[in-house]
Amino acid sequence: METSRRTVIAAAAAAGITAATVGTAHASGGRKPEKELFGRLADGTKVHRWSLQNGGTRLKVLSYGGIVQSLEIPDRHGRYKNVSLGFDNIDSYVAGSPYFGALIGRYGNRIAKGQFTLDGKSHQLSVNDGVNSLHGGAKGFDKRVWDVEGFTSGSDVGLVLHYTSVDGEMGYPGTLRTKVTYTLTRHGDWRVDYEATTDKATVVNLTSHVYWNLTGEGSGSIYDHELEISAARYTPVDSGLIPTGELARVAGTPFDFRRTKTVGEDIRLAHQQLLYGKGIDHNWALDKGITAKPQHVATLRDPSSGRTLKIATTEPGLQFYSGNFLDGTLVGTGGHIYRQGDALCLETQHFPDSPNHPSFPSTVLRPGQTYRTSTVHSFGS
């Protein structure tokens, strides 16, 4: 049975663990975010790490890429583990991170051949995934140093991150001014609010690329995690993982998570879509569509620890990636090697390659408009 964070803290107190150890909020609504030097880039640019704590959740964020370097939550016994994959040094992030914990932009996911046409004008983007553009190109938002400010507001604590992408960066038109707010609530929820404006018509699709393992980072496979996704359709892909344009029914396929099942239950079936992705790397068309306020769309649970993650979003899509390309060459924060299936991503978003599929929800942003989306991650045990 899932218990509330208050119950976990009370149980810990009964066991002689202090409230400070469990990480509960202060009466004022959580500790003020703390800033420290994490490292330097090759050109000498400083990269800082911000530490936040509230409602039983502990979060560490880098100014480089807005990266979630660590996110700790308690299990059913109040014991903390970092449940996100990452590195303990900046050099590893720069050398070859597969987007661990990063903010993704300008366009999350793939755009076919790095090309799209908007208002009759063709645009060629940076190509970095075979012939396609992935996650904003060779130097997307995940590889930029963001301006970061910490805040406390009532019972909430958080960070405001700013980055301005100049006209033509990675081939995208328009100067895009981006603001992302990370908030830890008094309940321990991690909320992400995205905003952006442009001075020319452009396309935008921002998301977060946290790799989740609720047993704990470096603990092994997530195939026994239980997952439910509120979606009756998904977007099949071709061999380059580009959507075909079809909104296919999940019924009778390995992509049916309308009822809770383990991640690994069907992942090795001989299904062409799984062969293309070397596992799951697909977008679900959420039943709710686009909404003004975040609505619940997915629940992930680890039976061994009791930890749960519930995701609510305003977005119409959810990219579920099962860590297929983790190949044992990366060593994480806990000193363990990451292998295939050692984590999964649940990226709230608009659909991949939307600029080339008029039937998909539009990702066009025009001058005078403000791009706004929100996603809330709620934790339990």
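Residues numbered from 1 in each chain as written. Predicted model: local features only at pLDDT ≥ 70, side-chain atom pairs only at ≥ 80, totals over all residues. Heavy atoms only, no water.

**Quick look at the packing of aromatic side chains**
The relative placement of two aromatic rings is captured by the distance of their centres and the angle of their planes.
For step 1, the next point in the chain: Applying the stated criterion to the full structure yields 19 aromatic pairs.
For step 2, the next point in the chain: Centre to centre, the rings of Phe257 and Trp284 are 6.2 Å apart; their planes meet at 70°, and the pair counts as edge-to-face. One end of the pair, Phe257, is in the loop between strand 19 (248-249) and strand 20 (261-262); the other, Trp284, is in strand 21 (residues 281-285), and 27 residues separate them in sequence.
For step 3, the next point in the chain: The class of Trp284 is buried, set by a relative accessible area of 0%.
For step 4, the next point in the chain: Each ring, one from Tyr321 and one from Phe325, has its centre 6.2 Å from the other, and the planes form 20°; the classification is stacked.
For step 5, the next point in the chain: Among the residues examined, Tyr321 registers a relative accessible area of 7% and is labelled buried.
For step 6, the next point in the chain: Geometry around Tyr80 places Arg58 over its ring, the cationic atom sitting 3.7 Å from the centre.
For step 7, the next point in the chain: A cation over an aromatic ring shows up here: Lys261 above the ring of Phe257, its NZ or CZ 4.5 Å from the ring centre. (Phe/Tyr/Trp six-rings, centres within 6.5 Å; stacked < 30°, edge-to-face > 60°. Helix = DSSP H or I, 4+ residues; strand = E, 2+ residues; numbered from the N terminus. Buried < 20%, exposed > 50% of the residue type's maximum accessible area, 1.4 Å probe, protein only. Lys NZ or Arg CZ within 6 Å of the ring centre and 35° of its normal.)

**Re the environment of Gln295**
For step 1, the next point in the chain: Mapped onto the fold, Gln295 is located in strand 22 (residues 295-301).
For step 2, the next point in the chain: Once the C-alpha coordinates of Gln295 and Glu315 are considered, the two residues, 20 residues apart in sequence, prove to be 9.0 Å apart.
For step 3, the next point in the chain: Excluding its chain neighbours within four sequence positions, the residues that come into contact with Gln295 are Lys288, Ile311, Ala312 and Thr313. (Contact = heavy atoms within 4.5 Å.)

**Quick notes on empty space enclosed by the protein**
For step 1, the next point in the chain: Following the criterion strictly, the structure yields three cavities of 30 Å³ or more and no others.
For step 2, the next point in the chain: Of the volumes computed, that of the largest cavity is approximately 80 Å³.
For step 3, the next point in the chain: Lining the largest cavity are Trp190, Tyr194, Thr207, Ser208, Val210, Trp212, Ile311, Leu346, Glu347, Thr348, Thr375 and His377.
For step 4, the next point in the chain: Looking at the lining of the largest cavity, the elements that each hand over two or more residues are strand 14 (190-198), strand 16 (207-209), strand 27 (345-349) and strand 29 (371-380). (1 Å grid on protein atoms, 1.4 Å probe; cavity = no way out; pocket = protein on both sides within 12 Å on 5 of 7 lines; lining within 4 Å. Points joined across faces, edges and corners; volume = space filled by probe spheres on them.)

**Some points on the pairing of strand 29**
For step 1, the next point in the chain: Counting buried positions along strand 29 yields eight of 10 residues, so the element is predominantly enclosed.
For step 2, the next point in the chain: Relative to strand 29, strand 14 runs antiparallel, the two sharing seven bridges. When the sheet's bridge partners are listed, Trp190 is paired in strand 29 with His377.
For step 3, the next point in the chain: With six bridges joining them, strand 23 (residues 308-313) and strand 29 adopt antiparallel strand pairing. Bridging across to strand 29, Leu309 finds its partner in Phe379. (Pairing = 2+ DSSP bridges.)

**Comments concerning the pairing of strand 22**
For step 1, the next point in the chain: When strand 17 (residues 226-229) meets strand 22, the two strands line up antiparallel, connected through four bridges. Among the inter-strand pairings, Glu228 is bridged to a residue of strand 22, identified as Thr299.
For step 2, the next point in the chain: Both strand 22 and strand 23 contribute to a ladder of six bridges, which runs antiparallel. Note that in strand 23 the partner of Arg301 across the bridge is Thr308.

**Details of the confidence of the model for the protein**
For step 1, the next point in the chain: For the protein, per-residue confidence averages 93 on the pLDDT scale, and residues scoring 70 or more make up 92% of the total.
For step 2, the next point in the chain: Scored below 50 in pLDDT, residues 1-28 makes 49 contacts in the model with residues more than four places away or belonging to other chains. (pLDDT = per-residue confidence, 0-100.)

**Observations regarding the sheet that holds strand 19**
For step 1, the next point in the chain: Here five strands make up an open sheet; going across it, the order is 19-18-21-24-27 and the pairing antiparallel. Strands with a single pairing partner mark the edges of an open sheet, and in this sheet they are strand 19 and strand 27.
For step 2, the next point in the chain: As defined by bridge partners, strand 18 (residues 233-235) adjoins strand 19 across two bridges and the pair is classed as antiparallel. Note on strand 19: the bridge partner recorded for Arg233 is Arg249.

**Side note on the sheet that holds strand 4 (residues 68-74)**
For step 1, the next point in the chain: Overall, antiparallel pairing links the five strands, which are arranged 1-2-3-4-5 in an open sheet. Two strands in the sheet have a free side with no partner beyond their single neighbour: strand 1 (34-40) and strand 5 (80-82). In this sheet, neighbouring strand axes are inclined to one another by 20° on average, regardless of whether the strands run parallel or antiparallel.
For step 2, the next point in the chain: The pairing of strand 2 (residues 46-54) with strand 3 (residues 57-62) spans six bridges and is antiparallel. Paired with Gln53 across the two strands is Arg58, which belongs to strand 3. (Axes fitted to C-alpha atoms, helices over the stretch in contact; angles between N-to-C directions.)

**What to know about the nonpolar core**
A general feature of soluble globular proteins is that nonpolar side chains tend to end up buried together.
For step 1, the next point in the chain: One finds Leu71, Tyr182, Trp190, Trp212, Ile229, Trp284 and Phe320 to be the most contacted residues of the largest nonpolar core, which totals 57 residues.
For step 2, the next point in the chain: Beyond its immediate stretch of four places on either side in the chain, Tyr182 contacts Val61, Gly66, Val68, Leu103, Phe151, Val157, Gly158, Leu159, Leu161, Trp190, Arg191 and Val192.
For step 3, the next point in the chain: Core analysis: the next-biggest nonpolar cluster, separate from the first, contains 22 residues, Phe38, Ile104, Tyr211 and Leu330 among them. (Core = buried A, V, L, I, M, F, W, Y, C linked by side-chain atoms within 4.5 Å.)

**Brief notes about unusual backbone geometry**
For residues that are not glycine, phi is negative in most cases, and the peptide bond is trans in most cases.
For step 1, the next point in the chain: Note that the residue after Gly105, namely Arg106, is joined by a cis bond; omega there is 0°.
For step 2, the next point in the chain: On the secondary structure map, Arg106 appears in the loop between strand 6 (102-104) and strand 7 (110-111).
For step 3, the next point in the chain: We note that Met170 has phi near 55°; this positive angle belongs to a residue other than glycine.
For step 4, the next point in the chain: A positive phi angle, near 65°, is found at Leu241, a position not held by glycine.
For step 5, the next point in the chain: With respect to the helices and strands, Leu241 occurs in the loop between strand 18 and strand 19.

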